[in-house]
Amino acid sequence: MVMTGNHGRLIFFGLVLLVGIISIFAFNGSGTKGIEERFSSALGVSPGDEEHGSGSDPGFSLEGNPPLYTIILVLLVGVCWVMYRKFGT
Amino acid sequence: MAHIHLEDGSFSPLFVLLWWGTALALIAIALYLLRSARKPDQKRITIAAFCAAAAFAVFQVSIPIAGGVHLNLTPLIGILAGPIFGLLIVFITNILSAAIGHGGWGLVGANTLVNFSEVVVAWGIFHVLRNLVPDLFSRAGIATLIGLMVGNCVMIGIVMVSGIQGVNQSPEQVLFGLSIIAAINMGVAIIEALMTGLVVAYIGKMRPDLLEGR
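Note on numbering: residues in each chain are counted from 1, in written sequence order. Labels follow written order: the first chain is A, the first ligand is 1, and so on. This being a predicted model, a pLDDT of at least 70 is required before a residue's local features are given, and a value of 80 or more before pairs of side-chain atoms are given or counted; all residues contribute to the totals for chains, interfaces and linings.

**Digging into the overall build of chain A**
Just so we agree on the cut-off: Secondary structure counts use DSSP, requiring at least four H or I residues in a row for a helix and at least two E residues in a row for a strand, with both numbered from the N terminus. The burial label depends on the number of other C-beta atoms within 10 Å of a residue's C-beta. Counts of 20 or more mean buried, 12 or fewer mean exposed, and intermediate counts mean partly exposed, with C-beta atoms placed from the backbone.
The helix and strand inventory of chain A stands at three helices and one strand. The order of helices and strands in chain A, counted from the N terminus, is α-α-β-α. Within the span of chain A, comprising 89 residues, buried residues form 24% of the whole.

**What about the overall build of chain B?**
What counts here: Every radius of gyration here is taken over C-alpha atoms, with the globule rule written as 2.2 Å times N^0.38, N being the number of residues.
Scanning chain B from terminus to terminus reveals six helices and one strand. Each helix and strand of chain B, ordered N terminal to C terminal, gives the series α-α-β-α-α-α-α. A compact globule built from 214 residues should have a C-alpha radius of gyration of about 17 Å, and chain B, at 17 Å, falls within 12% of that. Overall, chain B is about 55 × 35 × 30 Å in size when its C-alpha atoms are taken along their principal axes. The buried share among the 214 residues of chain B stands at 57%.

**So, the interface of chain A and chain B**
The condition that has to hold: The contact criterion used here is simple: two residues whose C-beta atoms, placed from the backbone, lie within 7 Å are in contact. The nonpolar class holds Ala, Val, Leu, Ile, Met, Phe, Trp, Tyr, Cys and Pro. Asp, Glu, Lys and Arg form the charged class, and all remaining residues, Gly among them, are polar.
Chain A puts 59 residues into the contact, and the matching count from chain B is 58 residues. When contributions to the side of chain A that touches chain B are tallied by element, the ones reaching two or more residues are helix H1 (5-30), helix H2 (35-43), strand E1 (61-62) and helix H3 (66-87) of chain A. Top contributing element to the side of chain A that touches chain B by residue count: H1(A), with 16 residues. When grouped by side-chain class, the residues that make up the side of chain A that touches chain B number 31 nonpolar, 20 polar and eight charged.

**Some remarks on the packing of helix H1 (residues 13-36) of chain B against helix H3 (residues 74-99) of chain B**
Residue and element names in this part refer to chain B. Inclusion rule: Here an angle of 0 to 180 degrees is reported between the N-to-C directions of two axes, which are lines fitted to C-alpha atoms, with helices fitted over the stretch in contact. Angle categories are assigned with fixed cut-offs, so that under 35 degrees is roughly parallel, over 145 is roughly antiparallel, 65 to 115 is roughly perpendicular, and the rest are oblique. Throughout, a crossing is termed right-handed when the near helix is turned clockwise from the far one, and left-handed when it is turned anticlockwise from it by less than a right angle.
Closest axis-to-axis distance for the H1/H3 pair is 9 Å, and the angle between their directions is 135 degrees. Looking at the two axes, H1 sits oblique to H3. Considering the relative orientation of H1 and H3, their crossing is left-handed. Contacts from Ala 23, Leu 26, Ile 27, Ala 30, Leu 33 and Leu 34 of H1 reach H3 at Ile 84, Leu 87, Leu 88 and Phe 91.

**Some details on the environment of Ala189(B)**
With respect to the secondary-structure elements, Ala189(B) resides in helix H6 (residues 171-206). For the pair Ala189(B) and Val161(B), spaced 28 residues apart in sequence, the C-alpha separation works out to 24 Å.

**A short note on the packing of helix H2 (residues 42-59) of chain B against H3(B)**
Residues and elements named next belong to chain B. Running from N to C, H2 and H3 point in directions that differ by 45 degrees, and their axes come no closer than 8 Å. As the angle between them shows, H2 and H3 are arranged oblique. Handedness of the H2/H3 crossing: right-handed. Residues Arg 44, Ile 47, Ala 48, Cys 51, Ala 52, Ala 55, Phe 56 and Phe 59 of H2 lie in contact with H3, whose contacting residues are Ile 77, Leu 80, Ala 81, Gly 82, Phe 85, Leu 88, Ile 89, Ile 92, Thr 93, Leu 96 and Ser 97. Here the residues of the contact of H2 with H3 sort into 15 nonpolar, three polar and one charged.

**Some remarks on the confidence of the model for chain B**
Residue and element names in this part refer to chain B. Applied cut-off: One number per residue, pLDDT, summarises how confident the predictor is, and it ranges from 0 to 100.
Confidence in the prediction for chain B averages 90 pLDDT; 98% of positions are at 70 or higher. For chain B, per-element mean pLDDT is lowest for strand E1 (residues 61-62), which scores 86, and highest for helix H4 (residues 108-128), which scores 96. Two summary scores accompany this predicted model of the complex, namely pTM at 0.89 and ipTM at 0.82.

**Re unusual backbone geometry**
A negative phi angle is the norm for most residues apart from glycine, just as the trans form is the norm for most peptide bonds. Even without glycine at this site, Leu73(B) takes up a positive phi of about 65 degrees. With respect to the helices and strands, the residue Leu73(B) is situated in the loop between E1 and H3.

**Section: the environment of Leu76(B)**
Residues and elements named next belong to chain B. Position of Leu 76 relative to the elements: it lies in helix H3. Owing to 28 C-beta atoms within 10 Å, Leu 76 belongs among the buried residues under this scheme. When the C-alpha positions of Leu 76 and Gly 86 are compared, they lie 9.4 Å apart, and in sequence the two are ten residues distant. Ignoring anything within four residues of it in the chain, the contact list for Leu 76 reads Thr 196 and Val 199.

**Looking at the nonpolar core**
Residues and elements named next belong to chain B. To keep it simple, the criterion reads: Nonpolar cores are identified as sets of buried Ala, Val, Leu, Ile, Met, Phe, Trp, Tyr and Cys residues joined via C-beta atoms within 7 Å.
Membership of the largest hydrophobic core comes to 86 residues, with the highest contact counts inside it found for Ile 77 and Ile 89. Sort the elements by how many residues they give to this core and helix H5 (residues 136-162) lands first, with 14 residues. Those residues within four positions of Ile 89 in sequence are excluded, and the remaining contacts are Ala 48, Cys 51, Ala 52, Ala 55, Ile 77 and Ala 81.

**Focus on H1(B)**
Rules: How far a helix is expected to stretch is found by multiplying one less than its residue total by 1.5 Å.
Compared with an ideal rise of 1.5 Å per residue, which puts 24 residues at 34 Å, H1(B) spans 34 Å between its outermost C-alpha atoms and is within 8% of the ideal. Where H1(B) is buried, its residues meet H3, H4 and H5 of chain B.

**With respect to H5(B)**
Residue and element names in this part refer to chain B. Here H5 contains 27 residues, and its C-alpha end-to-end distance of 38 Å stays within 8% of the 39 Å for a straight helix at 1.5 Å per residue. Counting buried positions along H5 yields 22 of 27 residues, so the element is predominantly enclosed. Gly 163, located one to two residues past H5, shows a positive phi value of around 75 degrees.

**Considerations on the confidence of the model for chain A**
Residues and elements named next belong to chain A. Mean pLDDT for chain A: 79, with 78% of residues reaching 70 or above. Per-element confidence in chain A ranges from a low mean pLDDT of 74 for H2 to a high of 93 for H3. In the predicted structure, residues 50-55 sits below a pLDDT of 50 and forms 25 contacts with residues beyond four places in sequence or in another chain.

This is the structure in C-alpha cells:
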C-alpha cells in the first residue's frame with residue numbers, strides 16, 4: 001500500500017496535534033522554567049551554574065562559553081570548506 | 001532534542017564509565033565499518049562535516065520556548081548522513097559542547113547514546129517508510145517525531161538506571177519529573193519535525209542525489 005502525499009501529511013499533522021496537546025498540558029502543569037531548572041527540580045538536585053540560557057532569559061541565548069563557541073564554529077566551518085573543496089558534493 | 005542536562009558528578013563513576021564505554025564500543029564498530037568499506041563515500045563525508053558544524057551551531061542556542069530549549073538536528077543527521085556517520089557526528093558534537101561548558105564531560109557517553117538513538121531511529125523510520133509514504137516532508141517529519149520520542153525514552157531510561165548521586169527523590173518521583181520534561185521536549189520536537197521535513201523536502205527537490213538510497 002502506498003499512501004499519497006495527502007495521507008502522509010494527514011498522519012504527520014495528526015501526530016503533531018497529539019504531541020502538541022500532550023506537551024501543552026505538561027507545560028501548563030510544570031510552569032515556566034529553563035531546561036536545566038526542570039532537570040534539577042525533577043531529580044531533586046540544586047541547579048548548577050555551568051550552563052546558561054535558563055528560563056529567565058527573555059530571548060535567544062547561547063549555552064556554554066561564547067568565545068569558545070565562536071572559535072570552534074569557525075574551525076568547523078573551515079573543515080567544511082576544506083571538505084567541500086576536496087570532495088565536493 | 002533529548003539531552004541529559006546535568007553536571008559532572010551526577011552519575012556515579014561506575015555509570016559514567018559504563019555509558020562512556022558503550023559509546024566508545026559503538027564508535028569503534030562504526031570506525032571499523034567505515035575503514036572496511038571498499039571505497040570511502042566522499043559525498044557522505046562532506047555531508048557529515050556540514051551536519052557536524054550545523055549540529056554544533058544549533059545545539060548551543062537556547063530558544064525561548066517553554067522556558068528555554070535547544071534543537072539537536074539529530075533526525076536530520078540520521079536522514080542525511082546515516083547511522084554510522086551519524087554516531088560520529090553526535091559524539092563530536094557532544095565532545096565540543098562539553099568543551100565549551102554545555103553539559104558535563106562525564107555525561108558525554110550517555111548523551112551520545114541518547115542522541116545516537118534519535119539518529120538511528122529517525123534513519124530507520126525514514127528508510128522503512130520509503131515505499132509507504134513517498135512524500136519527503138511527511139516522511140521526514142514522522143521520522144523526526146518518532147526518533148525524538150525514542151531519544152527521550154532512552155534519556156529517561158539512562159537516568160533511571162544510573163540513578164543520581166545525593167538525591168532523596170523516589171524513583172517514581174524522578175520518573176514523573178523526567179516524563180514531564182520528555183512531554184515538553186516533544187512539543188519542541190514539533191518545530192524540529194517541521195524544520196527537518198522542510199529541509200529534506202527542499203534537498204529532495206534541489207539535490208535528490210543527496211538522498212539516494214534514502
